[in-house]
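Given next are the chains, with one letter for each unit.
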Amino acid sequence: MTRSLTLTINGTKHDIELEDARPTLLDVLRERVGLTGTKKGCDRGQCGACTVLVDGRRINSCLALAMSHDGAEITTIEGVADGETLHPVQAAFIENDGFQCGYCTPGQIMSAIGLFSENGTANDPEQLREGMSGNICRCAAYAGITEALLDAQTRLSGKE
Amino acid sequence: MADTPIAPAGHVRLGSNSGQSMTRREGVAKVTGKANYAADNKPEGLLHAVYLESGIARGKVISLNTEAALAHPGVVHVMTPENAPSLAVSPDEKPVPFSARMEVLQDNRVRYAGQPIALVLAETLEAATEGARLLAPEYEAEPARIGFENGEAYDPEFVTTGTPPARQVGDIDAERKKAAHTVEVTVDTPLQYHNAMEPHVIIAQWDGDKLTIDMPNQAIGLARAGIATYLGIDPENVTLRSPYLGGGFGSKAVVFGPQYLAMLAAREVGRPVKLVLRRDQMFGPVQHRSATRQTVRIDLDKDGRILALDHHSLSTTSSFDDWLESAANASLSIYASPAIKVSHTGLRVDTGTPGAVRAPGLASGTAALEVAVDAAAYRMKQDPLDFRLLNYAETDPGTGKPFSAKALRECYAEGAARFGWKGRPLEPGQMRDADGYLTGWGVGTALFHAPFFPAKASAVIRSDGSVGAQTSGADMGQGAWTALAQMAADGLGMPADEIEFEIGHSGLPDGSVAGGSAHTASAGSALFAAGSDAVRQVAEIAMNDPESPLYGAGNEGVRASGGRLHRVDDPARGETYAEILTRAGIAEVEGQGRGRREKSAAEQYAMYSHGAVFAEVKIDPDLYQVRVSRLVGAFAAGRIINPRLAKSQLNGGMIWGLSFALHEEGIHDLRSGRPINNDLAGYHVPVLADVPSVESILVEEHDPHANALGIKGVGEIGITGTVGAIANAVWHATGVRPQRYPIHIKDLLEGELARQRG
Ligand code: FES
Ligand code: FES
């Protein structure tokens, strides 16, 4: 049975037709809407590569059926920069070398943005590490990621 | 290409780009989601492929419900051994390097769990997935042979792809007779799976007999040759695009059965086909690190000098191919010993075939050797670092050759100072932190080969002032986009951010393999030479042009920088490339370059990167949960092109070492042979919370022999030494000597109980 749903993705409304209810939010974003910045690393909620914001909260989009988010506001990695101006978290990831291959990076950045809005910008590295531990980086760019997160917090709290 | 310039051996002056900690050239693309990974492509008419994998480890597939799959809406085609097209060459042939025997539905035999047994093509991923499920296979199963106890042992002809399985230096029996002390340890290492974050993926599309592929690949030139051979087409007809790899770690140097199935299927149905492995499928046909059972025996004189070093490794492989981990060879190049014996035996089990995983051989080998060396130091009641210095190898123990460069002493010293090694108690179980955690410190020596692969590159300088450079090389995260561009820019005499730069495409000059920690040295040398060649041509034009301020300056007399040539004796006298070419009416000059190692140097010297890793662990005194609270590594790897990226490689490598020591373990069910933790929840790799502090130090080293530019590699060495350093720190905290990796809480508890019983 075909289904239709509406998602507002990065501020743009998308009316989406599906043949049935099976597609995940991740596959809809990647295969149907054509936003391939969000990555699939496991398709099981175990790696965080697919992290996006749904109504401001970070979720693993591979674990969500698109149908169940009809009407939601979705933010993906393509929607966080302001035109040419990078989001402070994006800029911090580049400057602190918070990645190698870059495959986990969209998920790391979305997760960090989500975490900061959950937590405010409490400056506790241990809490940060814990809060970001749903995002695996197999390249193990963790030293750079930690520095990027701390730097991003500083930028976000306007201390820069 | 006899007249292609090769950068001369010795001391080559690089420009000002190299040595700088530039941020990644592709950084913006990666943080905005714009970097184009293979799976992000969507050609018109794309079909999704999903393969069904075997649920048994040995036997036959006797039925597949193809009708049910085909009846599912959206399913277009089902490929099984009944109707699968064949390759042009037997899948058991290995026509080019980095080939492995593979499964392309050539028959209904099953030789390991996870082997592809059918392929379903459908209009959507969901339909293909459901189609594969509907195939509901039935099997005739034979008992699986899994684990050290159930495999078939054999004496191999070689390890890895052609290394002799055994070597002896000196007279081990004679040395043993002189020994005052003997230490022997046995250490097991498990199957480990690469698990790059980006699973293996291919998008294949045919146009007549021309094939275009989007596929992450570490060895584009070799992949293209292999694909052409297996598919029976001209290599010129294969276009392979791989601008970004989502990690490789060795597994993306090889093209496996699943990718060939997608290529065959695309040809069969005449539409583009996309196949992405599911994470659980990454534990089968796409290689892994062999499990090993290693025994290291060290015989010592009364002062603690090593007299005899005997390292044996039993390594697992598949039932149908021959890759074996060369773990024991680690003992050939690290510590001085008058007699060394290394040997390997093989064990055939019903898994896919193993292959090279980041730091092949040396990661596993040092994981055992460093534990034995630590035990030997303790036997002598010597500080583990002092013991290593006492047995420092001034020449390569395995070959007797001098090292091209070896700043390991400096690595020990700088690492120890930074870590604060001084004052470490000799006895285990002496340190507790403020929270009562058992605390231990350990050290390990790191080593990795410094190979060099012939590579080619080209560069261009145009009359409009623009310049560019190209090679087919690959960036799997190590930083090739950036570091290689820096070297090309130095060849071209331009700032790196002002050159056009291209890699990751089979249409470019063959930049060789991104592997063996040799890519920066190999492809980078070629790019530097290509850039220099282009500049040389521009200089020649200028020096022969009476209107040029450089007229008659002579070869040694000009220098390039900032897109301009000037006289060495008077930098004010010069002109830009654009001015020179425009006046000469030449639209562009193209430079060619090759990277090569001098044959005489390769014969004369042993070439390695070296390092020392220091680890601190904290262990819960009741639960015995281990945390690595600090890792400090100091590494000497010749000339460093980009310190920021080099440190990231070294830090990442050390975290892989941590992962080896404490996390990773591919577990197969002993009865069914199936992997039971084939996902990222069960197969543990470190997350941010596991890595509170990791730090690498770049130790200055000048290597005049490794290659003209003195570059070695940093991509793999970080793992080596780290595994042992952590195991040794665990011992230092608890007094329990780990006998297997990953180190389990259970082992420490049992070890502690055994200790209490005396
Ligand atoms: S792809 Fe969603 S958590 Fe891994
Ligand atoms: S940068 Fe490669 S997985 Fe994180």
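On a predicted model such as this, the values are computed, not experimentally measured, just so you know. Per chain, residue numbering runs from 1 following the sequence as it is written. Written order decides the labels, with chains lettered from A and ligands numbered from 1. Local features in this predicted model are restricted to residues whose pLDDT is 70 or higher, and side-chain atom pairs enter the listing and the counts only when it is 80 or higher, whereas totals over whole chains, interfaces and linings include all residues. Based on all heavy atoms of the structure, the side-chain values leave hydrogens and waters out of the count.

(A) Geometry of the domain arrangement of chain A. All names here are of chain A. By convention here, the domain bounds are inherited from an automatic or database domain assignment. When its domains are assigned, chain A resolves into domain 1 (3-79) and domain 2 (88-159). Distance between the C-alpha centres of domain 1 and domain 2: 22 Å. Here, two residues are considered to be in contact whenever any of their heavy atoms come within 4.5 Å of each other. Taken together, the contact pairs 16 residues of domain 1 with 16 residues of domain 2. Computed with a 1.4 Å rolling probe, the buried area is the accessible surface lost when two parts are put together, summed over both parts. Together, the buried faces of domain 1 and domain 2 total about 1,200 Å²; carbon and sulfur atoms form 57% of this surface. Salt bridges are defined as contacts in which a side-chain nitrogen from Lys or Arg sits within 4 Å of a carboxyl oxygen from Asp or Glu. On the surface where domain 1 and domain 2 come into contact, there are one salt bridge. For Glu118, the salt bridge is made with Arg58, and the minimal N-O distance between the two is 2.8 Å. At three residues, the largest contribution of residues to the side of domain 1 that touches domain 2 is made by strand S3 (residues 51-54). Strands here are runs of E lasting at least two residues and helices are runs of H or I lasting at least four, both read from the DSSP assignment and numbered beginning at the N terminus.

(B) The arrangement of the domain arrangement of chain B in detail. All names here are of chain B. According to the domain assignment, chain B contains domain 1 (27-35 + 453-596) and domain 2 (361-451 + 603-757). Taking the mean C-alpha position of each, domain 1 and domain 2 sit 39 Å from one another. Opposite the 16 residues of domain 1 that make contact, domain 2 presents 15 residues. Summed over the shared surface of domain 1 and domain 2, the number is zero salt bridges. Polar contact is the term for a pair of N or O atoms within 3.5 Å; when the atoms are in protein, one must be able to donate a hydrogen and the other to accept it, and sequence-neighboring residues count only if both atoms are side-chain atoms. Our count for the domain 1 to domain 2 interface comes out at three residue pairs in polar contact (both at pLDDT 80 or more).

(C) Structural view of the pattern of salt bridges. All names here are of chain B. Summed over the entire model, instances satisfying the criterion amount to 64 salt bridges over all chains. Between Arg145 and Glu152 there is a salt bridge, and its shortest N-O distance comes to 3.0 Å. Residue Arg145 is classed as buried on the basis of its relative accessible area of 17%. The cut-offs for exposure are 20% and 50% of the maximum accessible area for each residue type, with area from a 1.4 Å probe on protein chains only; residues under the lower value are buried, those over the upper are exposed, and the others partly exposed. A relative accessible area of 45% places Glu152 in the partly exposed class. Close ionic contact of Arg409 with Glu394 constitutes a salt bridge, the shortest N to O distance being 2.7 Å. Taken together, the positions of Arg409 in helix H9 (residues 408-419) and Glu394 in the loop between helix H8 (384-390) and H9 put the pair 15 residues apart, joining distant regions of the chain.

(D) Local environment of the interface of chain B and chain A. With 61 residues of chain B in contact, the opposing surface of chain A contributes 48 residues. The junction of chain B with chain A conceals about 4,300 Å² of combined surface from both sides, 57% of it contributed by carbon and sulfur atoms. At the junction of chain B and chain A, the tally comes to eight salt bridges. Note that Asp40 of chain B and Lys39 of chain A form a salt bridge whose closest N and O atoms lie 2.7 Å from each other. For the pair chain B and chain A, the number of links is 29 residue pairs in polar contact (both at pLDDT 80 or more). Taken together, the elements giving at least two residues each to the side of chain B that touches chain A come down to helix H1 (27-31), helix H3 (125-134) and helix H14 (643-662) of chain B. In terms of residues, the side of chain B that touches chain A owes the most to one element, H14 of chain B, which gives nine residues. Tallied by class, the residues present in the side of chain B that touches chain A amount to 28 nonpolar, 17 polar and 16 charged. Under the scheme applied, nonpolar residues are Ala, Val, Leu, Ile, Met, Phe, Trp, Tyr, Cys and Pro; charged residues are Asp, Glu, Lys and Arg; polar residues are all the others, including Gly.

(E) Looking closely at the sheet that holds strand S24 (residues 570-576) of chain B. All names here are of chain B. Strand order in this open sheet of three strands is S22-S23-S24, and the pairing throughout is antiparallel. Each edge of the open sheet is held by one strand with a lone partner, namely strand S22 (558-561) and S24. Here the strands of the sheet are splayed against their neighbours by 30° on average, with no regard to which way each runs. Bridge count for S22 against strand S23 (residues 564-567) is four bridges, and the pairing is antiparallel. Residue pairing across strands places Ser561 opposite Arg564, the latter belonging to S23. For two strands to be treated as a pair, DSSP must find no fewer than two bridges joining them. Convention adopted: a line fitted to C-alpha atoms gives each axis, helices being fitted over their contacting stretch, and angles between N-to-C directions are expressed from 0 to 180 degrees.

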